[in-house]
Amino acid sequence: MAASSLLEIADLSFQYRRASQPALRHISLRLEAGEVLLVAGPSGCGKSTLIRAINGLIPHSYRGELSGRVVVDGRATADLRLRDLALLVGTVLQDPRKQLVASTVAAELAFGPENMAVPPAEIRRRVHEVGASGGIEHLIERTTDELSGGESQQLAIAGALMLRPRVLVLDEPLANLDPVAAHRLLALVRRLADEGTAVVVVEHRVEDVLEARPDRVLYLDDGAATYLGPLDGFLKIADPTTVKLPFAVALARAVPGAELLAPAPATNAGTSGPPRLEWAGVDAGYDGRQVLHAVSASLQRDETVAVLGPNGSGKTTLFKAAIGLINRTAGDVLVDGVSTSGRGVADLVGTFGYVFQNPSQMLFARTVRDEILFGPINLGRDPAQFDALVTTSLGRVNLATEDEIEARPPLTLSFGQQKRLAIAVALGLEPRTLLLDEPSAGQDHRSATAFMTEVERIEGLESVYFVTHDADLALVHADRILLMRDGRIVADGPPLEVIADRERWAACNLRYTSLMEANARWGAQTGGFLPASELAGWIVARSEREAGDIGQALG
Amino acid sequence: MTTMSMGRSEGTWSVTTRVIVYSAIGAALYAVLNWTLFAIQIPGTQNVSVRPQFGLVTFFGFAFGPVAGFLVGYVGNTVGDQLAFGSAFGSWWWSVANGLAGLVAGLFPVWMASRMTTLGSRAVTAAVAGVVGTVVGFLFIWIELIIQPELGFNTILTGEYIPTVIGNSIAAAIVTPILLYAWEPLREQLGR
Amino acid sequence: MRAAFPYLGRGSWLSRRDPRVLILAPLLVVLGASQLRDVRQLAVVLVLSLGYYAAAGIPWRSVRLQWTYLVVVIGVFALFNALITGGQSGSFAGGATHVLLTIPPFGAELTAEGISLGSSQLVRYMAFAAVGFPVAYAVAPGDLGVALRRLGIGDRIAIMVDLTVRFIPTLAAEVGETIDAQRVRGYDPTARTGGLFTRVRRAAPILVPVTVGSIAGAEDTIDAMDLRGFGVQRRTWLRQLQYGRADLVLLGLFLAFVAVATFVNFSGRSPHYLLPFLVGA
Ligand SMILES: Nc1ncnc2c1ncn2[C@@H]1O[C@H](COP(=O)(O)OP(=O)(O)OP(=O)(O)O)[C@@H](O)[C@H]1O
Ligand SMILES: Nc1ncnc2c1ncn2[C@@H]1O[C@H](COP(=O)(O)OP(=O)(O)OP(=O)(O)O)[C@@H](O)[C@H]1O
Ligand SMILES: [Mg+2]
Ligand SMILES: [Mg+2]
């Protein structure tokens, strides 16, 4: 046995105490100093569980059935105490905000070394060192609650580095970062590896991680390793519906697609009566802090509209102002051509269903059924209809087939299911337009796309307006894009038109994805923004046709 | 090989990381809600009002033990007073009383462990624990007889002890089980 | 609404003092002023306390609401106390009470003694508040835990207090979001209909998601602390505290006040003072 491996996992299986099947099955791998390992796989496949096994939370904090061993720097994690492991393995968890425990950035950095009784002078030295290498020196004096999502992520990583771990594990580090911050983080990861740290990165945005040049990839499915090897090989076999791959990969593996129908119809703007929702010169904000500045836009009755923009640009505020959750200080909001001045939130409930970013923020009832009926009861709807209402609402979001779903406590559903329940709850009020805040947050590539497709199929729903950070998702599903920055709408138009101005796109902290490059190139001919598989199929079909044409001409 | 968790001894009084974090959440919530939620005036009385958020104190005690119960009540009320009044020091004994209510409620699961077999029986016990915790914990405000003798027995009884205990008992009796019903199935899921 | 302790006193003279002084000051003032009954002596304490308060440089606009709330709540309570006791629990020099007016249904009497007693209470509480505010607004964020630690509180509880302060803005935002989320389902948090039980239960749509959601979400926080070795041994603190000369002088003054107040009390020099304008010359 080569004693040099920094991290060695041998035939590791684990089953959580309450679970009916193992979360990890017979995983074996070795990681040397200086290597970057990318761990990918669909939601629930065991990625976070693997991380817990590496940093010792399994078996020290999570109970369950464990077999096999994890050895870090020559010592089995099961035999080490968590505090000794903390000096070897640094961890950044999935949600950075939840792991910030101090009020100020400096105190947050100091937290680990303080627990290890490192002398204050030494801690101070490390704070400056890590602050500089992590690019957060300018934040040191700030309080943690005013950091943006991206800044919190950087701080969490710096906090993990304060104990100078030999192994660094990162659980979906890109989820909250805009592309600029993501680029900085990946460069840091590469540099740490080059300096001799072994790094494990969990991420399903494979396309985005490539920049850190992972040496190897572990692909997990249902707890078992289905691939472990170099990156190139992985790109050849990976399933583009579960992880997000570069467009070139999708293209290389595409099968010829069907002939495209006529170009997708342009927006129906103005074709059918007054707009569903119109902001007319709206100013709005919180406690004297103005967020929206003279915003004007109108969204039609039967459109799908996506709102994109950097963190804190006012996207959520825009929606909240629309349905009167915050007061506007100037301008007006019109719904179906009628001013909403003087009308309360409750008045608009029949028109708009609003789904908040975090579904658990609204789930409180003892059963799913009670949860769906809370709104209708508040509004005094007819109880005779309730049974039918619950069944149809659940059916529309694909929850009806779940076992005993109506009697389950809502908070015990999985995140994805909670999100769908939140939509069912909104649908229970029979709205004509759905407002969705970040429908794709916290979901893997497959569920995010599936989710939007499901929503579009709901009958009786005229329009969907949604906020998202996933540009590809927005561009594929929306008829129209609103681009926001600093509380202003800086672009408004069909997807291909909005992405044409690359400078403006970058100024909104958005990145040009490989799918966008491809669509920008072929868009004029395909007539709209296509998802990767369709576009790849189309391109392949077209080149075959051309090859055929050439063949005919020759023959 | 079966590995049970190591390095954790969870006695009733041990202050684990878990207890620290839960107490901080409970205390912060209690403080915030004291500052935001409306108190509900009981019709026909001038000075009895119900603050539903008081149920947090007894719930945290009941669900996470006497230490958590005490910290949520004591720190939460201190911080809440500091937010609302700018000062929590002039009435520290009220914070202690809140803490003791949580602490006493937190002793019930220890005493009644064998009886609480179903969620229903735990919910009933939780309601009882909330009320008893309140009645007992707030006895502490009688320390005013020493600290502020000019208040007099009658003022403390009719102006403070009775209205507070009525209002808080109602909140504890209703809200403690509601929170328990929401939390228990979830705890099973997290199941560490 | 933004419930939090903003660092309003940043840069002021008091904010530059050792945070332990800011925590001890209100304790000592409570200890001293609770022994005083004479409203004139208490007024002197209030004036001195306000001087201390001014050194924290807290902008009036930001705390206007708290001061108003304080004066109203304490004022009402003092009045209530005056009515219930009629001032008889006070330590006034003379014998008979001076009834100013009688309130019909219960025959409660508003007496000069009662009002004098109430004034002492009100003035005393305002002094408490004046020395209490700086703890919330002039202690740098993150200093509270160390200060408590250095005052003899254990590591874990000191961290718990730091964590509480850290969670307040997050949870306040969450409460606001949840209220919004329920309002779009036709929930009205201010509704005043229904019986008592209905009305208390009406808090559930707010209380349940915020409470249970944060507890469930705490798993990550707990892991993050364990993974950085929290709680296994005596820890160090990055922030080092050292009493400066001004700190010691200030502490000395507060201690001297406690000594004086104790002397005044035990030598019987602080009976309640009957406000002369209430009883005529
Ligand atoms: N504390 C727990 N108790 C019981 N089962 C758990 C626990 N944590 C996770 N599981 C289950 O173990 C499996 C693997 O979960 P894990 O969190 O490792 O997935 P993941 O790959 O990180 O998913 P995601 O991409 O959604 O974060 C899932 O089926 C999950 O439901
Ligand atoms: N309740 C609030 N009180 C005070 N300020 C707020 C509140 N909610 C949001 N803000 C501020 O208003 C600005 C716009 O916030 P908003 O939530 O609309 O951004 P967003 O575009 O939705 O961002 P994200 O992509 O991070 O969700 C931000 O600077 C934010 O800090
Ligand atoms: Mg995970
Ligand atoms: Mg938002």
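Throughout, residues of each chain are indexed from 1 in the direction in which the sequence is written. Both sets of labels track the order of writing: A upward for chains, 1 upward for ligands. Residues qualify for local features only when their pLDDT is at least 70, as the model is predicted, and side-chain atom pairs are given and counted only at 80 or more; totals for whole chains, interfaces and linings, by contrast, use all residues. Heavy atoms throughout the structure, all of them, feed into the side-chain values; hydrogens and water do not.

### As for the overall build of chain A
The secondary structure content of chain A amounts to 21 helices and 20 strands. Only C-alpha atoms enter the radius of gyration, while the globule expectation follows 2.2 Å times N to the 0.38, with N the number of residues. In terms of C-alpha radius of gyration, chain A reaches 25 Å, essentially the compact-globule figure of 24 Å for 555 residues. Here the term buried applies to any residue with accessible area under 20% of the maximum for its type, exposed to any over 50%, and partly exposed to those in between, with areas from a 1.4 Å probe on protein chains only. Here chain A holds 555 residues, and 56% of them are scored as buried. Counted over contacts in chain A with a minimum sequence separation of 6, partners at least 24 positions apart contribute 68%. For the purposes of this entry, the term helix denotes a DSSP run of H or I that reaches at least four residues, the term strand denotes a run of E that reaches at least two, and both are numbered from the N terminus. Whether two residues touch is decided by their heavy atoms; if any such pair falls within 4.5 Å, the residues are in contact.

### Things to note about the overall build of chain B
Along chain B, the regular secondary structure elements total seven helices and three strands. When the elements of chain B are put in sequence order from the N terminus, they spell out β-α-β-β-α-α-α-α-α-α. Residues counted as buried form 64% of the 192 residues belonging to chain B. In chain B, 71% of the contacts between residues at least 6 apart in sequence involve partners at least 24 apart. Computed with the Shrake-Rupley method and a 1.4 Å probe, the accessible areas treat only the protein chains shown as cover for residues. Surface summary for chain B: the accessible area is close to 6600 Å², and the carbon and sulfur share equals 67%.

### Observations regarding the site of ligand 2
Residue and element names in this part refer to chain A. Only heavy atoms are used to decide nearness, and a residue is near a molecule or strand if one of them lies within 4 Å of it. Neighbouring ligand 2 are Tyr-286, Arg-289, Val-291, Pro-310, Asn-311, Gly-312, Ser-313, Gly-314, Lys-315, Thr-316, Thr-317 and His-469. Between N or O atoms, a polar contact is any pair within 3.5 Å; within protein, one atom must be a potential hydrogen donor and the other a potential acceptor, and residues adjacent in sequence are included only when both atoms are from side chains. One of the backbone N or O atoms of Ser-313 is found 3.1 Å from an oxygen atom in ligand 2. Going through the elements one at a time, strand E12 (289-299) and helix H11 (315-322) are the ones with two or more residues in the shell around ligand 2. By residue number, the principal contributor to the shell around ligand 2 is H11, which donates three residues. Tallied by class, residues from the shell around ligand 2 come to three nonpolar, seven polar and two charged. In this classification, the charged set is Asp, Glu, Lys and Arg, the nonpolar set is Ala, Val, Leu, Ile, Met, Phe, Trp, Tyr, Cys and Pro, and all remaining amino acids, among them Gly, are polar.

### Points about the site of ligand 1
Taken together, 17 residues surround ligand 1, and among them Ser-43, Gly-44, Lys-47, Ser-48 and Thr-49 of chain A come closest. In this structure ligand 1 sits where residues from chains A and B come together. Between an oxygen atom of ligand 1 and a main-chain N or O atom of Cys-45 of chain A, the distance comes to 3.2 Å. The contact in question runs from an oxygen atom of ligand 1 to an N or O atom on the side chain of Ser-48 of chain A, over 2.7 Å. Considered on its own, ligand 1 offers 630 Å² of accessible surface; in the complex 71% of this is hidden by protein. Residue assignment for the shell around ligand 1 shows that the elements contributing at least two residues are helix H1 (47-55) of chain A together with helix H7 (152-190) of chain B. With four residues, the top contributor of residues to the shell around ligand 1 is H1 of chain A. Tallied by class, residues from the shell around ligand 1 come to six nonpolar, eight polar and three charged.

### A look at the packing of helix H3 (residues 60-85) of chain C against helix H4 (residues 112-137) of chain C
All names here are of chain C. Between H3 and H4, the shortest axis-to-axis distance is 9 Å and the interhelical angle comes to 150 degrees. One finds that H3 runs roughly antiparallel with respect to H4. Where H3 crosses over H4, the two elements pack in a sense that is right-handed. Contacts from Val-63, Gln-66, Trp-67, Leu-70, Val-71, Ile-74, Gly-75, Ala-78, Asn-81, Ala-82 and Thr-85 in H3 reach Gly-114, Ile-115, Leu-117, Gly-118, Gln-121, Leu-122, Tyr-125, Met-126, Ala-129, Ala-130, Phe-133 and Tyr-137 in H4. In the contact of H3 with H4, the residues fall into 16 nonpolar, seven polar and no charged. An axis is simply a line fitted to the C-alpha atoms; with a helix, the fit covers only the stretch in contact. Between two such axes, the angle follows the N-to-C directions and lies from 0 to 180 degrees. Convention used here: angles under 35 degrees read as roughly parallel, angles over 145 as roughly antiparallel, angles from 65 to 115 as roughly perpendicular, and any remaining angle as oblique. Two helices crossing with the near one rotated counterclockwise from the far one by less than a right angle form a left-handed crossing, whereas a clockwise rotation gives a right-handed crossing.

### Some remarks on the confidence of the model for chain A
In low-pLDDT segments, the atomic positions of the prediction should not be examined closely. Overall, the predicted model of chain A reaches an average pLDDT of 86, with 94% of residues at or above 70. Each residue gets a pLDDT score, which is the predictor's confidence in that residue and runs from 0 to 100. Every residue in residues 261-270 of chain A is under pLDDT 50, and counting partners more than four places away or in other chains gives nine contacts.

### Some thoughts on the confidence of the model for chain B
All names here are of chain B. With 88% of its residues at a pLDDT of at least 70, chain B reaches an overall mean of 86. Per-element mean pLDDT across chain B ranges from 39 in strand E1 (residues 2-3) up to 97 in helix H2 (residues 54-64). Counting contacts from residues 1-9, a segment whose pLDDT is below 50, to residues more than four positions away or on other chains yields 19 contacts. Reported for the predicted complex are a pTM of 0.89 and an ipTM of 0.88.

### Brief notes about the interface of chain C and chain B
The interface is formed by 67 residues belonging to chain C together with 65 residues belonging to chain B. Once two parts are joined, some of their accessible surface, as seen by a 1.4 Å probe, is lost; buried area is that loss totalled over both. Of all residues in chain C, Met-160, Leu-207 and Ile-215 of chain C give up the largest surface area on contact with chain B, accounting jointly for 11% of the area buried on that side. What makes a salt bridge here is a side-chain nitrogen of Lys or Arg within 4 Å of a carboxyl oxygen of Asp or Glu, nothing more. Counting across the chain C and chain B interface gives one salt bridge. With a closest N to O distance of 3.2 Å, Glu-219 of chain C and Arg-18 of chain B form a salt bridge.

### Quick word on a nonpolar patch on the surface
Each patch groups residues whose relative accessible area exceeds 30% and which form no salt bridge, using 9 Å between like charges and 5 Å between nonpolar side chains of Val, Leu, Ile, Met, Phe, Trp and Tyr. On the surface, a cluster of nonpolar side chains totalling about 430 Å² of accessible area is made up of Val-124, Val-128, Val-132, Val-135, Val-136 and Leu-139 of chain B. Within the secondary structure, Val-136 of chain B sits in helix H5 (residues 119-137).

### So, the packing of helix H1 (residues 17-36) of chain B against H2 of chain B
Between two packed helices, what matters for the description is the angle formed by their axes and the separation of those axes. Residues and elements named next belong to chain B. One can describe the packing of H1 onto H2 by two numbers: an axis separation of 9 Å at closest approach and a directional angle of 170 degrees. As far as their axial angle goes, H2 and H1 are roughly antiparallel. Packed against H1, whose contacting residues are Val-19, Tyr-22, Gly-26, Leu-29, Tyr-30 and Leu-33, the element H2 presents Phe-54, Leu-56, Val-57, Phe-60 and Phe-64 at the interface. The class makeup of the residues in the contact of H1 with H2 is 10 nonpolar, one polar and no charged.

### Concerning the sheet that holds strand E19 (residues 480-485) of chain A
Residues and elements named next belong to chain A. A sheet is described by the order of its strands in space; here six strands give the open sequence E16-E17-E18-E13-E19-E20, paired in mixed fashion. Taken across any chain shown, the strands that pair with only one partner, and hence form the sheet edges, are strand E16 (352-355) and strand E20 (488-493). This sheet shows a mean twist of 15 degrees between the axes of neighbouring strands, independent of strand direction. DSSP bridges decide pairing: two strands pair if at least two such bridges lie between them. Relative to strand E18 (residues 463-467), strand E17 (residues 433-437) runs parallel, the two sharing five bridges. From the neighbouring strand, Leu-436 faces E18, where its bridge partner is Phe-466.

### Focus: the nonpolar core
Among the nonpolar cores identified, the biggest contains 232 residues, and Trp-279, Leu-421 and Trp-505 of chain A are the most heavily contacted of them. For Trp-505 of chain A, the residues in contact, after removing those within four places along its chain, are Leu-308, Ala-471, Leu-475, Leu-483, Val-498, Ile-499, Leu-510, Arg-511, Tyr-512 and Met-516 of chain A. As used in this record, nonpolar core signifies buried Ala, Val, Leu, Ile, Met, Phe, Trp, Tyr and Cys residues forming a set joined through side-chain atoms within 4.5 Å.

### Things to note about the pattern of salt bridges
Taken as a whole and assessed by the stated rule, the structure comprises 40 salt bridges over all chains. With a shortest N-O distance of 3.3 Å, Glu-35 of chain A and Arg-216 of chain A are connected by a salt bridge. Here Glu-35 of chain A, found in the loop between strand E2 (24-31) and strand E3 (36-40), pairs with Arg-216 of chain A, found in strand E9 (residues 216-221); they are 181 residues apart in sequence, far enough to count as distant. The closest approach of N and O atoms between Arg-122 of chain B and Glu-184 of chain B, which form a salt bridge, is 2.8 Å. Pair noted here: Arg-122 of chain B is in helix H5 and Glu-184 of chain B is in helix H7, with a separation of 62 residues, a long-range link. Assigned by exposure class, Arg-122 of chain B and Glu-184 of chain B land together as buried. Members of the salt-bridge network, linked through shared partners, are Glu-122, Arg-125, Arg-126, Glu-129 and Arg-164 of chain A.

### Describing the sheet that holds strand E14 (residues 328-335) of chain A
Sheets are built from strands paired through backbone hydrogen bonds, the pairs being either parallel or antiparallel. All names here are of chain A. Spatially, four strands are ordered E12-E11-E14-E15 in an open sheet, and the strand pairing comes out antiparallel. Looking at which strands have only one partner, the edges of the open sheet turn out to be E12 and strand E15 (338-339). Examined bridge by bridge, strand E11 (residues 277-286) and E12 share seven bridges and lie antiparallel to one another. Across the sheet, Glu-278 pairs through a bridge with Ser-298, a residue of E12.

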